[in-house]
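Residues per chain are reported as follows:
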Amino acid sequence: MGTQPPPNNNHVNMDNDENLKRQKEIDDWLPITSARNAKWWYSAFHNVTAMVGAGVLGLPFAMSQLGWGPGVAILVLSWIITLYTLWQMVEMHEMVPGKRFDRYHELGQHAFGDKLGLWIVVPQQLIVEVGVDIVYMVTGGKSLKKFHDIVCADKKCKTDGIKTTYFIMIFASVHFVLSHLPNFNSIAGISLAAAVMSLSYSTIAWGSSLHKGVQPDVSYALKGHSSAAKVLDFFNALGTVAFAYAGHNVVLEIQATIPSTPEKPSKGPMWKGVVVAYIVVALCYFPVSLIGYYVFGNAVDDDILITLNKPAWLIAMANLFVVIHVIGSYQIYAMPVFDMLETVLVKKLNFKPTWTLRFITRNVYVAFTMFIGITFPFFGGLLGFFGGFAFAPTTYFLPCIMWLAIYKPKRFGLSWTANWICIILGVLIMVLSPIGALRQIILQAKTYSFYS
């Protein structure tokens, strides 16, 4: 018998070193893992920018579909539940010593297995992030148009020929430039400006409503003319509220930018930033919702700033603030999508991580969201549909299911019970709100002509 030659361990080690080196080069290039030097206040304003978006302007309209009692209860419950599920995600980011779950789907894979985790998380996360970017295309374009129409009220300046479509394209042109910033930390300045804007336009919205005073013919009766219409409106409003609390889809990616050591894990500064962000969320959401509904009742539009006409200069400024804010928000939600696209292209399809690849990929994405936004600009219905269909799972109950799967808390204990309450409420929102939203989209589509 011949003797087997000993295995060439040096060759194996060299291959491993090459693979590790290539992996590190790719990680240093990908947007989520390329910079890990963020401070706790980055977490604060990134979370404010991700959370307080266009949704806040639709909350008075949601209140008109819910009524006082259910409306207040759902707003407060959503604030508590989503803060709890956000805390769970911050805790789970580094639950395995020496490993960080930098992306939502990585946590899903740890909880449900490699293949099932991807199938559960990635489609939902993509629907949320791409959905938000489409809605923000519409919001940015409409707010830009509103600003233009207020500022150019006189006949010399006013041009009736400029369609909403063109304003959406103007808004998109900004993103064809900003989308080439490499990672989260590089958009920190834009995100900070967006967070300040969200607080500013929310304050203008409720301050102007308060200054206007309760309208003489105000009615707090539910909007629908029939019982079926009222029920479907109620379902739509659930989705609008879910849309407003949808920052969870980027929370692990934000936490990935914070440095971490065994002595000082990233969850400390991250949670500090989240608490500050949630205080700002409360200062934006509750006054806008309650005062907006109190002043206008069921006559409020699906965007509170459309209902407010005076003082003209202040409403024009608020609309401009909305435009600046959604520029930042669009980038926050686009960054994880860029990361997913670039990961697939570089790791699976073996493209070289180059500037050209990034340039083409990101421009195609911006063009896609612009096209869909121009084609279907149904603001109120889109909020409810996306809010219920995908935001409810990723925000209200998917973190709870992961927590139960990983930590296995004692049955009927406090943690077990709290998680199951969140899951049941979240599933109800997910099932019911798209039904009401589809009706809203159909009603708006009746009077809509494409590319108007």
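Residues numbered from 1 in each chain as written. Predicted model: local features only at pLDDT ≥ 70, side-chain atom pairs only at ≥ 80, totals over all residues. Heavy atoms only, no water.

Caption draft 1: Local environment of the overall build of the protein chain. Scanning the protein chain for helices and strands turns up 16 helices and zero strands. Looking at the protein chain as a whole, 53% of its 452 residues are labelled buried. Within the protein chain, contacts between residues separated by at least 24 positions form 86% of all contacts whose residues are at least 6 apart in sequence. Counting every atom, the protein chain has about 19800 Å² of accessible surface; 69% of that belongs to carbon and sulfur. (Helix = DSSP H or I, 4+ residues; strand = E, 2+ residues; numbered from the N terminus. Buried < 20%, exposed > 50% of the residue type's maximum accessible area, 1.4 Å probe, protein only. Contact = heavy atoms within 4.5 Å. Areas by Shrake-Rupley, 256 points an atom, 1.4 Å probe, with all protein chains shown as cover.)

Caption draft 2: Quick peek at the pattern of salt bridges. Overall, the coordinates contain eight salt bridges when judged by the stated rule. Salt-bridge contacts for Glu94 lead to Arg100; the nearest nitrogen and oxygen are separated by 4.0 Å. Owing to a relative accessible area of 15%, Arg100 belongs among the buried residues under this scheme. Linking Glu342 and Arg358 is a salt bridge whose minimum nitrogen-to-oxygen distance equals 3.1 Å. Note that Glu342 is positioned in helix 13 (residues 312-348) and Arg358 in helix 14 (residues 355-375), a separation of 16 residues in sequence. Each member of the pair Glu342 and Arg358 is classed as buried. When salt bridges that share partners are traced, they join Arg103, Glu106 and Asp339 into one network. (Salt bridge = Lys/Arg side-chain N within 4 Å of Asp/Glu carboxyl O.)

Caption draft 3: Structural view of the nonpolar core. With 116 residues, the main nonpolar core has Val241, Tyr245, Tyr285, Tyr396 and Met402 as its most contacted residues. Residue contributions to this core peak at 16 residues, all from helix 13. Contacts of Met402, omitting those with residues within four sequence positions, involve Met92, Tyr104, Leu107, Gly108, Ala111, Phe112 and Val121. (Core = buried A, V, L, I, M, F, W, Y, C linked by side-chain atoms within 4.5 Å.)

Caption draft 4: Summary view of the side chain of Ser202. Take Ser202: it is sitting in helix 8 (residues 188-212). By relative accessible area, which is 1% here, Ser202 ends up buried. Side-chain polar atoms of Ser202 contact the backbone oxygen of Ser198, separated by 2.7 Å. Discounting chain neighbours no more than four positions away, the residues touching Ser202 are Val52, Val56, Cys284 and Val288. (Polar contact = N/O pair within 3.5 Å; in protein donor to acceptor, adjacent residues only side chain to side chain.)

Caption draft 5: Representation of the state of the cysteines in the model. As enumerated under the stated definition, the model contains zero disulfides in all. Cys422 forms no disulfide, and the closest cysteine sulfur to it belongs to Cys400, at a distance of 4.2 Å. (Disulfide = S-S within 2.5 Å.)

Caption draft 6: Just a nonpolar patch on the surface, in detail. A surface patch of nonpolar side chains, about 480 Å² in accessible area, is lined by Trp68, Val72, Val76, Ile80, Val214 and Tyr294. Looking at the nonpolar patch element by element, the count peaks at four residues for helix 4 (residues 68-92). Secondary-structure assignment places Trp68 in helix 4. (Patch = residues over 30% accessible without salt bridge, like charges linked within 9 Å, V, L, I, M, F, W, Y side chains within 5 Å.)

Caption draft 7: Structural detail: unusual backbone geometry. Even without a glycine there, the phi angle at Asn350 is positive, about 60 degrees. Tracing the sequence through the fold places Asn350 in the loop between helix 13 and helix 14. One non-glycine residue, Lys408, adopts positive backbone phi at about 45 degrees. Relative to the assigned elements, Lys408 resides in the loop between helix 15 (379-407) and helix 16 (414-446).

Caption draft 8: Main features of the packing of helix 6 (residues 114-151) against helix 7 (residues 164-178). Contact geometry for helix 6 and helix 7: axes closest at 8 Å, N-to-C directions at 115 degrees. With respect to each other, helix 6 and helix 7 are oriented roughly perpendicular. The element helix 6 and its partner helix 7 pack so that their crossing is right-handed. On the side of helix 6, the interface is formed by Tyr136, Met137, Val138, Gly140, Gly141, Lys142, Leu144, Lys145 and His148, while helix 7 contributes Thr164, Phe167, Ile168, Ile170, Phe171, Ala172 and His175. Classifying every residue of the contact of helix 6 with helix 7 by side-chain character gives nine nonpolar, five polar and two charged. (Axes fitted to C-alpha atoms, helices over the stretch in contact; angles between N-to-C directions. Parallel < 35°, antiparallel > 145°, perpendicular 65-115°, else oblique. Left-handed = near helix turned anticlockwise from the far one by under 90°. Nonpolar A, V, L, I, M, F, W, Y, C, P; charged D, E, K, R; others polar.)

Caption draft 9: Here's a closer look at the packing of aromatic side chains. Considering all chains together, one arrives at 15 aromatic pairs under this definition. When the ring of Trp40 is compared with that of Trp41, the centres are 5.9 Å apart and the planes differ by 80 degrees; the resulting orientation is edge-to-face. For Trp41, a relative accessible area of 41% corresponds to the partly exposed category. Residues Trp87 and Trp403 carry aromatic rings whose centres are separated by 5.3 Å and whose planes lie at 40 degrees to one another, so their mutual orientation is tilted. With Trp87 in helix 4 and Trp403 in helix 15, this residue pair connects regions lying 316 residues apart in the sequence. One aromatic cluster in this structure is built from Tyr84, Trp87, Trp403 and Tyr407. Across from the ring centre of Trp29, 4.2 Å away, lies the NZ or CZ of Arg358, which sits over that ring. (Phe/Tyr/Trp six-rings, centres within 6.5 Å; stacked < 30°, edge-to-face > 60°. Lys NZ or Arg CZ within 6 Å of the ring centre and 35° of its normal.)

Caption draft 10: View of the environment of Ala246. Relative to the helices and strands, Ala246 resides in the loop between helix 9 (227-244) and helix 10 (251-255). Here Ala246 falls in the buried class, since its relative accessible area comes to 1%. Separated by 196 residues in sequence, Ala246 and Ala50 place their C-alpha atoms 7.4 Å apart. Excluding residues that lie within four positions of it along the chain, Ala246 makes contacts with Met51, Tyr333, Phe391 and Thr395.

Read these as spatial facts, not as claims about activity.
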